[in-house]
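# Remarks on the overall topology
Letter by letter, the chains look like this.
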Amino acid sequence: MSKDVLIAARDLSVHFPLRGLGFGERPVVRACEGINIEIEKGSFFGLVGESGSGKTTLGRAMLKAAPISHGEVVFSDDEVTYDLGSLQGPELKDYRKRAQLIFQDPYAALSPRMTVRDIIAEPLEVMGLTSSREETDAKVREIAAKCRLNLEHLRRFPHAFSGGQRQRISIARALVSDPKFIVADESVAALDVSIQADVLNLLNSIQRESGITFLFISHDLSVIAHTCDFVAVMYLGQIVEAAPTDKLFSETSHPYTKALLSAIPSLDPDVRGHAQRLEGEIPSPINPPPGCRFNTRCPHAQERCRQEVPEWREMSSGHHVACHFSEELA
Amino acid sequence: MTSPLISVKDLTLRFKTDEGLVTAVNNVSFDIAPGEVLGLVGESGSGKSVTAKSLMMLNAENSVYDDNSKITLNVDDREFDVLSLKRAQDQMIIRGGAISMIFQEPMASFAPAITIGDQMVEQLLIHSDMTAAQAKEVSIEMLTRVGIPEPAQRFGQYAFEFSGGMRQRAMIAMALSTKPRLLIADEPTTALDVTIQAQVIELMKDLVEEFHMSILFITHDLGVIAQTADRVAVMYLGNLVETGTVRQVINSPAHPYTRGLLNSLPKLDDLEAPLTPVPGDIPSPLDRPSGCVFHTRCVESDAIAERCRNEIPLTTIDSANHQVACHLAKQGDQA
Ligand SMILES: Nc1ncnc2c1ncn2[C@@H]1O[C@H](COP(=O)(O)OP(=O)(O)O)[C@@H](O)[C@H]1O
Ligand SMILES: Nc1ncnc2c1ncn2[C@@H]1O[C@H](COP(=O)(O)OP(=O)(O)O)[C@@H](O)[C@H]1O
Ligand code: SF4
Ligand code: SF4
Ligand SMILES: [Mg+2]
Ligand SMILES: [Mg+2]
């Protein structure tokens, strides 16, 4: 693997078999299909798409928390190289320390009877990363300070906190094991805009100071645009376009990315209704459309799109797209 | 000037709770003209939903309105003093008659065990003198109008059989079938993907024009406001801090809170612009700040901090009908 890639998915598929109705084949949810992405060390990698497109599943597969049905996910930092598909035992335990998830809401995910200190300390204790209570407390205080939580906060229970503070607790918990890789799944989706900016700035500054690599998942393209240096756009289990952020916005190539962009309501009251509307809704991943999966909603779909799966092609350096006609449509 | 469809004057609403009386809406006044879309914007907990529910007397049992709160509805040359409608029969004029409401979570509008069609028909039978057959015809027409494919089949289905976007459309169809004069839309697109949100906004715009109704459009999303509203009211901790046309409020915001909201938004046309949060957190409604309610988070009050802490700013209004409640606002007339 190239030296500066931290984690890569190659031809990755994640399938969830559903309970069958007796005879015949069991239906399968094809949540991720044939995914190729490389996340560079120290990058802030954004993953965007409508709900149901498979973002959470892809993030979980990269944390080895979803089944890898086909293909591989390889993690490689300065110390170890792991093929996640076959990872188990002590190596899997070690990986759990290196790769962390930021919960959307620690209050929903954790016991309301735990103090903020206990919530942040739990990963240290479960993984046996510290040898004394003093060491644990010192580590918790250090990380809490980074996330602007003071000693008084640490003694309280999370229900007493606002949405922004809870998110900072979540971030502290993810940071405490000194991970190399963090998946932040819809970390600001539930926050008010006035608070959201604060959490985004905190994540960006942690990334700059610590060099931790982030996979930042969001359904909001404007949030992604302001936070991430690289963006992958997902539709119905597949990545349809990926590029450095500035390129994705200046040389948008895939019709789905274009549609997502134009659906964002403009802040200018004098620019109304010029959006290129996307018809219909995302189809079911149990029976995805043949050929290009976007063909049922794409304004440019042609016969070829219903027959032939578009190739994952490099348009220019670092800019990939999966559409038969991206040159013609540019 | 024609009289407003609905006029809210000095609305103050408190809730009795174990921890004491909580002020959720404080001295709020606004009008909505016939055919006008008023956007009500503010962070969660600012009092948008309870303000909207007041218009239909839908607030919980523990709510208390101040004596001088007044809501006046003008329909068909008749004037209704909404807060004094005590009899169920009088309240019917409002609920699902002159005013309909749609919500963020469409399941809240539908009874789970009754088909979408039966619920639509029932509403129409209450609020009009249609026969059951006519009501069914009108319902299917409405489902068609909001873009639901195979409306005749869908008529016989339950809400859980609809996708999220389709449910939203069905809720709009039901709310509009009685031809209300005012539609209250409480975060109708917040739970939807942007692509579906764009479809629903388009649909709502078409319908306002077609039915010539007014909308109170509640959202925390200023982009959605910019795309839908004629006028905008900005709410913070139960107070209206700024009211004006959508261009006044978005292009030349007069209140520091409105400016703060706009600065914290990630903008697609300027990816390099830093995101500036409004500092601090929204105070608990149990602990309302003295003076200006926004003073604990205001970054513009430095020179007059003392005054902001102690003195409640009056609402001033300029010649273009732009209203703002801030000590820094240019002296204009008092609203
Ligand atoms: N454990 C599971 N079993 C079956 N289907 C699943 C499971 N997890 C996710 N899915 C399905 O996979 C698809 C992608 O889901 P998800 O990864 O949550 O998408 P996103 O995060 O983009 O909204 C959805 O159709 C979802 O219902
Ligand atoms: N039945 C109730 N009892 C006590 N407090 C309530 C009740 N309903 C709403 N509130 C309070 O009123 C305030 C405004 O709520 P709401 O109108 O729902 O805000 P928004 O819609 O702007 O998010 C909140 O602090 C909320 O907790
Ligand atoms: S391959 Fe065809 S259907 Fe798919 S995005 Fe391109 S033009 Fe549209
Ligand atoms: S009155 Fe003072 S605290 Fe309130 S918004 Fe104006 S400057 Fe800020
Ligand atoms: Mg998800
Ligand atoms: Mg609300």
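What comes next is a walk through the structure. Source: prediction; values computed, not measured. What you see as residue numbers is a count from 1 along each chain, following the sequence as written. Chain A is the first chain written and ligand 1 is the first ligand written, with later ones labelled in order. Totals for whole chains, interfaces and linings use every residue, but because this is a predicted model, local features are given only for residues with pLDDT of at least 70 and side-chain atom pairs only at 80 or more, for both listing and counting. The basis for the side-chain values is all heavy atoms of the structure; hydrogens and waters are excluded.

## Brief notes about the overall build of chain A
What counts here: We count a stretch as a helix when DSSP gives it H or I for four or more residues in a row; a strand needs E for two or more, and each element gets its number in order from the N terminus. Note that the radius of gyration is over C-alpha atoms, with the globule rule given as 2.2 Å times the number of residues to the power 0.38. Whether a residue is buried, partly exposed or exposed follows from its accessible area with a 1.4 Å probe, protein chains only, as a fraction of its type maximum: under 20%, in between, or over 50%, in that order. Contacts are assigned to residue pairs with any non-hydrogen atoms lying within 4.5 Å of each other. Surface accessibility in these figures is a Shrake-Rupley result with a 1.4 Å probe; residues are shielded only by whichever protein chains are displayed. The positive count covers Lys and Arg only, the negative count covers Asp and Glu only, and His and the chain ends enter neither. Each charge is placed at NZ for Lys, CZ for Arg, CG for Asp and CD for Glu.
Check the secondary structure of chain A and you find 13 helices and 12 strands. Taken over C-alpha atoms, the radius of gyration comes to 21 Å for chain A, in line with the 20 Å a tight globule of 330 residues would show. The dimensions of chain A, computed from C-alpha atoms along their principal axes, are 65 × 55 × 45 Å. For chain A, the proportion of its 330 residues judged to be buried stands at 52%. Pairs at least 24 residues apart make up 63% of the contacts formed inside chain A by residues separated by at least 6 positions. Total accessible area on chain A stands at roughly 14,500 Å², and carbon and sulfur atoms take up 50% of it. Here chain A carries 36 positive and 44 negative side-chain charges, and the mean point of each set is 6 Å from the other.

## Some words on the site of ligand 1
All names here are of chain A. The criterion, for reference: Nearness here has a simple test: a residue counts as near a molecule or strand if at least one of its heavy atoms is within 4 Å of that partner. Think of a polar contact as two N or O atoms within 3.5 Å of one another; within protein, one of them needs to be a possible hydrogen donor and the other a possible acceptor, and neighboring residues in sequence only count if both atoms come from side chains.
All residues in the neighbourhood of ligand 1 are listed as Phe 16, Val 29, Ala 31, Glu 50, Ser 51, Gly 52, Ser 53, Gly 54, Lys 55, Thr 56, Thr 57 and Pro 285. In this structure, Gly 54 approaches ligand 1 through a main-chain N or O atom, which is 3.0 Å from an oxygen atom. Against a free-state accessible area of 560 Å², the protein chains account for coverage of 62% of ligand 1. Counting only elements with at least two residues in the shell around ligand 1, the list comes to strand 2 (28-40) and helix 1 (55-62).

## Quick notes on the sheet that holds strand 12 (residues 319-321) of chain A
Residues and elements named next belong to chain A. Short version of the rule: The criterion for strand pairing is that DSSP finds at least two bridges linking the strands in question. For helices, the fitted axis covers only the stretch in contact; all axes are lines through C-alpha atoms, and the angles between them, taken along N-to-C directions, range from 0 to 180 degrees.
Across the sheet, which stays open at both edges, the 8 strands sit in the order 6-7-8-3-9-10-12-11 with mixed pairing between neighbours. Only two strands of the sheet have a single neighbouring strand rather than two, namely strand 6 (99-102) and strand 11 (313-316). Between one strand axis and the next, the sheet turns by 20° as a mean value, whatever way the strands run. Relative to strand 10 (residues 238-244), strand 9 (residues 230-235) runs antiparallel, the two being bridged by 6 bridges.

## Re the packing of aromatic side chains
For the record, the criterion: Pairing of aromatic rings covers Phe, Tyr and the six-membered ring of Trp, with a centre-to-centre limit of 6.5 Å; geometry is then stacked below 30 degrees between planes, edge-to-face above 60, and tilted otherwise.
For the coordinates displayed, the defined rule picks out 12 aromatic pairs over all chains. Measuring from ring centre to ring centre gives 5.7 Å for A:Phe44 and A:Phe216, while their planes differ by 40°; the resulting arrangement is tilted. A residue pair is termed long-range when its members are at least 10 positions apart, and A:Phe44 in strand 3 (residues 44-48) and A:Phe216 in strand 8 (residues 213-218) qualify at 172 residues. Residue A:Phe44 shares its accessibility class with A:Phe216, and that shared class is buried. Ring centres of B:Tyr236 and B:Phe294 lie 5.0 Å apart, and the angle between their planes is 80°; on these two criteria the pair is classed as edge-to-face. One end of the pair, B:Tyr236, is in strand 10 (residues 231-236); the other, B:Phe294, is in the loop between helix 10 (256-264) and helix 11 (305-310), with 58 residues separating them in the sequence. Among the residues examined, B:Phe294 registers a relative accessible area of 2% and is labelled buried.

## Some points on the side chain of A:Ser326
Residue and element names in this part refer to chain A. Here Ser 326 shows up in helix 13 (residues 326-329). Relative accessible area serves as the criterion here: at 1%, Ser 326 is assigned to the buried category. At 3.4 Å, the side chain of Ser 326 forms a polar contact with the backbone oxygen of Cys 323. With sequence-adjacent residues up to four places away left out, Ser 326 is seen in contact with Ser 253, Arg 313, Met 315 and Val 321.

## Focus on the sheet that holds strand 4 (residues 70-76) of chain A
Sheet strands pair via backbone hydrogen bonds, and the direction of the pair is either parallel or antiparallel. All names here are of chain A. Pairing is antiparallel in the open sheet, where 4 strands are placed in the order 2-1-4-5. Both edges of this open sheet fall to strand 2 and strand 5 (81-83), since each of them pairs with a single strand only. Pairwise comparison of adjacent strand axes, ignoring direction, gives a mean angle of 15° for this sheet. Taken strand by strand, helix 1 contacts strand 1 (5-17), strand 2 and strand 4, and its axis lies near 120° from that of strand 1. Contacting strand 1, strand 4 and strand 5, helix 2 (residues 89-98) crosses the sheet at an angle of about 110° to strand 5.

## Thoughts on the site of ligand 4
The following threshold applies: Throughout this entry, Asp, Glu, Lys and Arg are counted as charged residues, while Ala, Val, Leu, Ile, Met, Phe, Trp, Tyr, Cys and Pro are counted as nonpolar. The remaining residues, Gly among them, count as polar.
All residues adjacent to ligand 4 are B:His255, B:Pro256, B:Cys292, B:Phe294, B:His295, B:Cys298, B:Ser301, B:Cys308, B:Cys326, B:His327 and B:Leu328. The residue inventory of the shell around ligand 4, partitioned by class, reads 7 nonpolar, 4 polar and no charged.

## So, the pattern of salt bridges
Counted only if it meets this: By definition, a salt bridge exists where a carboxyl oxygen of Asp or Glu is found within 4 Å of a side-chain nitrogen of Lys or Arg.
Counted by the stated rule, this structure contains 32 salt bridges over all chains. Residue B:Arg297 is joined to B:Glu43 by a salt bridge in which the shortest nitrogen-to-oxygen separation is 3.3 Å. Placement of B:Arg297 in the loop between helix 10 and helix 11 and of B:Glu43 in the loop between strand 3 (37-41) and helix 1 (48-54) is noted, with a sequence separation of 254 residues between them. Of the two residues examined, B:Arg297 and B:Glu43, each falls in the buried class. Among the charged side chains, a salt-bridge network with shared partners connects A:Asp77, A:Glu79, A:Asp94, A:Lys97 and A:Arg98.

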